[in-house]
Amino acid sequence: MESKKEKIYKGLAASKGISIGVPFVYRAEVPNYNVDISSPEDVFPEKEISDYESAVTHSVKELNKIFNLAKEKLEEKNLQIFEAQLSFLSDSFFHSKVKERISQECKPAYRVFKEEILILENAIVASKDEYIRERVNDIEDMKNRVLRNLLKGRLVSKITENSIVIARNLTPADTILFSNRNLLGIATDLGGVNSHVAIVSRSLKIPAVVAMHDISVSITSEDFLIIDGYKGIVVKNPTEETIASYREQVARNLEFENRLMELEKLPSETKDGKAIRLSTNLEFNNEVDFVVTHFGCDVGLYRTEHLFMEEGEFPSEEEQYKQYRFLAERLYPGIVTIRTFDLGGDKILPDAQKELNPFLGWRGIRITLDKKDVFLSQLRAILRASAAGNVKIMFPMISGIEEVKKTLDILEEAKAQLRAEEIRFDEDMKVGIMIEIPSAVILADELGKMVDYFSIGTNDLVQYTLAVDRDSSLVSDMYEKFHPAVLRMISMIVKSAEKNNIPVSVCGEMASDPYASLLLIGMGVSELSVESLSYLRIKRLIRLVNYVNASEIAENVLRMSLISEVKEYIAECFNKNIGEKLNETLYV
């Protein structure tokens, strides 16, 4: 019998990692629309409407179950995938239109619903915005869910355990449900690096390759696979030599991760004794115990938006106070930096009017300044939680002096109210602002006189400096954190902070990137606030580098004008100063 030949399929790397195993070829269950109803006389509108309402109700229950599971696995920003579908299923105007047509036209519910959804899908497909066009898959998922329940279909949510799923496409709900079966990897015909299946895969740390065109018809359950989420390839029926090579790579990665654990309690300082504060970004309570037990570090950014997103409304002062006090007490004597609501952008408020570009619209501090009662409630809650003296406050999306003045005035108003009520708080609580808009960079000298510290949000700083939407595949390759303009802006911020004798931290993605961290340290950034998964890797980097060398590297980079020149030079410096090349399978 002839042995199977190794074959390599190329796609887009959507989620990093390597998995070796058997495939599960998933064929999405498509509801049967060909129900034989020959004439209006065969349709009973009341029953059709009742069946439709039951199908929608059951679909909402299914999605809520998936949504609750997703809350345990995903970051808040990625839960909006499911929130959007739930929001649509709660659209009374749409459902009223469907039921009205059923009644007036004596058509079966499945047919009217399908026709109305098609109108919506066509409008999405016709959009000039690629990100919006990609959302048609979410509408398709929601449509099939309702139709399946309407036509008494069955939800297929189980796959073979410990397998690599191969599919034409996967919905976010599929991915969440499959992850409970120890999903090893994903490869799909469709999708992009910013599609929802890619986003969810990255959040779950599942290797994924997308846009493979025909992988779903090229693989059978008899094959054996390697999925390489670094190179964006799937190896079908690999040779023993290929398998051995990949297993060696996986073993090296695991060994490296185990060695990192030895750094947990060691100080965060460079070889030549320069202390660099290393803290974590935090969002959910289930992360707190891990941070306290393993790292014992400060929290450089606590995102409060999830308190709104989970309930769909602003939480009360008392609800917020309990949450902030829990963090302060659990992390004590470590410091927790609480950022006020950073809503807007991709976290749209229900009462917000539609904006052509929400990232340039009503978001961040602009919303809270306009909603003074909401802002006062949050400020009072943070102040009350600060009584132990280990809470700092931070304001997002600052663009100028006027916003800081208005913000500080409202903060003083909150303090005055608490004093009048004889409620304790930290009178010396540190107040900082996020620098993530170019206008704030230019005004940093003056802003530094008004606050106690700066925190650089590099994600938005890159986006706004380069006028690049990183979620658009048309220009996403231009979203470049090593762009000389971005690096020079960061240097300007640091110098302004030094001039005003205040510390400056970085809490964006650059802080979690080893190449970028080397530059940030050399520029004089005093604190790096990273995602918990990157904490030990960045601590390792800090302990391997000399601050003097890092400063020299940063000085040289700031004189460069080409992105390629910057990248090549940093790679060379890693090899020279740290004694190794940066291997992305170990670091990224």
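Preceding this paragraph is the structure being described.
What counts and what doesn't
- Residues numbered from 1 in each chain as written.
- Predicted model: local features only at pLDDT ≥ 70, side-chain atom pairs only at ≥ 80, totals over all residues.
- Heavy atoms only, no water.
- Helix = DSSP H or I, 4+ residues; strand = E, 2+ residues; numbered from the N terminus.
- Buried < 20%, exposed > 50% of the residue type's maximum accessible area, 1.4 Å probe, protein only.
- Areas by Shrake-Rupley, 256 points an atom, 1.4 Å probe, with all protein chains shown as cover.
- Axes fitted to C-alpha atoms, helices over the stretch in contact; angles between N-to-C directions.
- Parallel < 35°, antiparallel > 145°, perpendicular 65-115°, else oblique.
- Left-handed = near helix turned anticlockwise from the far one by under 90°.
- Contact = heavy atoms within 4.5 Å.
- Nonpolar A, V, L, I, M, F, W, Y, C, P; charged D, E, K, R; others polar.
- Pairing = 2+ DSSP bridges.
- Expected span 1.5 Å × (residues − 1).
- Arc of directions from axis to C-beta.
- Polar contact = N/O pair within 3.5 Å; in protein donor to acceptor, adjacent residues only side chain to side chain.
- Phe/Tyr/Trp six-rings, centres within 6.5 Å; stacked < 30°, edge-to-face > 60°.
- Lys NZ or Arg CZ within 6 Å of the ring centre and 35° of its normal.

**What to know about the overall build of the protein chain**
Next up, step 1: Looking only at helices and strands, one finds 25 helices and 16 strands in the protein chain.
Next up, step 2: Every one of the 588 residues in the protein chain was classed for burial, and the buried ones make up 55%.
Next up, step 3: Only carbon and sulfur atoms are counted for the fraction: they give 51% of the accessible area of the protein chain, which is about 27100 Å².

**A short note on the packing of helix α21 (residues 514-523) against helix α22 (residues 535-544)**
Next up, step 1: Axis separation between α21 and α22 bottoms out at 10 Å; the angle between their running directions is 50 degrees. As far as their axial angle goes, α22 and α21 are oblique. Classified by chirality, the crossing of α22 by α21 is right-handed. Only Ile538, Leu541 and Ile542 of α22 make contact with α21, whose side of the interface consists of Pro514, Ser517, Leu518 and Ile521.
Next up, step 2: Here the residues of the contact of α21 with α22 are counted per class, giving six nonpolar, one polar and no charged.

**Some points on unusual backbone geometry**
With the exception of glycine, most residues fall at negative phi, and the peptide bonds are largely trans.
Next up, step 1: Following Tyr332, the chain continues into Pro333 via a peptide bond in cis, with omega recorded as 5 degrees.
Next up, step 2: Its location among the elements puts Pro333 in the loop between α13 (317-331) and β11 (336-339).
Next up, step 3: A positive phi angle is found at Asn237, which is not glycine, with a value near 50 degrees.
Next up, step 4: Turning to its location among the elements, Asn237 is positioned in the loop between β8 (233-236) and α10 (240-260).
Next up, step 5: One non-glycine residue, Glu422, lies in the positive phi region at around 60 degrees.
Next up, step 6: Position of Glu422 relative to the elements: it lies in the loop between α16 (401-420) and β13 (431-435).
Next up, step 7: Owing to a relative accessible area of 73%, Glu422 belongs among the exposed residues under this scheme.

**Observations regarding helix α19 (residues 458-466)**
Next up, step 1: In terms of burial, α19 is largely enclosed, as seven of its nine residues are buried.
Next up, step 2: Buried within α19 we find Thr458, Asp460, Leu461, Val462, Gln463, Tyr464 and Leu466.
Next up, step 3: Elements in contact with the buried residues of α19: α17 (438-442), β14 (453-456), α20 (484-499) and β15 (504-506).
Next up, step 4: Count one or two residues on from α19 and you reach Ala467, which has phi positive near 55 degrees.

**Points about the sheet that holds strand β10 (residues 299-303)**
Next up, step 1: The sheet built from eight strands closes into a barrel, its strands ordered β9-β10-β11-β12-β13-β14-β15-β16 with parallel pairing. On average, each strand axis in the sheet is inclined to that of its neighbour by 30 degrees, with strand direction left out of account.
Next up, step 2: Seen against the sheet, α22 touches β9 (277-282) and β16 (527-530) and runs at an angle of roughly 165 degrees to β9.

**Points about the sheet that holds strand β6 (residues 208-210)**
Each strand in a sheet pairs with another by means of backbone hydrogen bonds, the pair being arranged parallel or else antiparallel.
Next up, step 1: Spatially, β1-β8-β7-β3-β4-β5-β6-β2 is the arrangement adopted by the eight strands of the open sheet, whose pairing is mixed. Every interior strand has two partners, whereas the edge strands, β1 (7-10) and β2 (12-15), have only one. Neighbouring strand axes in the sheet, compared pairwise and without regard to direction, differ in orientation by 30 degrees on average.
Next up, step 2: When β2 meets β6, the two strands line up antiparallel, connected through three bridges. Along β6, the bridge assignment pairs Ala13 with Val209.
Next up, step 3: α10 rests against β3 (18-26), β7 (225-228) and β8 of the sheet, and its axis sits at about 115 degrees to β3.

**Comments concerning the environment of Glu283**
Next up, step 1: Residue placement: Glu283 occurs in the loop between β9 and α11 (288-295).
Next up, step 2: Linking Glu283 and Tyr302, residues 19 residues apart in sequence, is a C-alpha distance of 5.7 Å.

**Things to note about α13**
Next up, step 1: In this model, α13 (15 residues) spans 21 Å end to end at C-alpha, consistent with the 21 Å of a helix rising 1.5 Å per residue.
Next up, step 2: Of the positions making up α13, those classed as buried are Glu317, Gln320, Tyr321, Gln323, Tyr324, Leu327, Ala328 and Leu331. All buried residues of α13 lie within an arc of 170 degrees about the axis, which places them on one face of the element. The exposed residues of α13 that point more than 90 degrees off its buried face are Glu319, Lys322 and Glu329.

**A look at the side chain of Ser15**
Next up, step 1: Tracing the chain through its elements places Ser15 in strand β2.
Next up, step 2: Within the local environment of Ser15, its side chain forms a polar contact with the backbone oxygen of Ile206, the two atoms lying 2.8 Å apart.
Next up, step 3: Those residues in contact with Ser15 that lie beyond four places of it in its chain are Ser201, Arg202, Ile206, Pro207, Ala208 and Gly229.

**Examining the packing of aromatic side chains**
Next up, step 1: Across all of its chains, the model carries seven aromatic pairs by this definition.
Next up, step 2: Measuring from ring centre to ring centre gives 5.4 Å for Phe314 and Phe341, while their planes differ by 55 degrees; the resulting arrangement is tilted. With a gap of 27 residues between them, Phe314 in the loop between α12 (305-311) and α13 and Phe341 in the loop between β11 and α14 (365-370) connect regions that are remote in the sequence.
Next up, step 3: The exposure class of Phe314 is partly exposed, given its relative accessible area of 22%.
Next up, step 4: The interplanar angle of 80 degrees and the centroid separation of 6.0 Å between the aromatic rings of Phe375 and Phe395 together place this pair among those described as edge-to-face. You can see Phe375 sitting in helix α15 (residues 372-385) and its partner Phe395 sitting in strand β12 (residues 391-395), a full 20 residues away along the chain. Of the two residues, Phe375 and Phe395, both sit in the buried class.
Next up, step 5: Connected via pairs of aromatic rings, a cluster forms that spans Tyr52, Phe94 and Phe113.
Next up, step 6: Residue placement shows Lys274 over the ring face of Tyr547; its charged tip is 5.0 Å from the ring centre.
Next up, step 7: Here the guanidinium or amino end of Lys392 rests over the ring plane of Tyr453, the centre of that ring lying 4.2 Å away.

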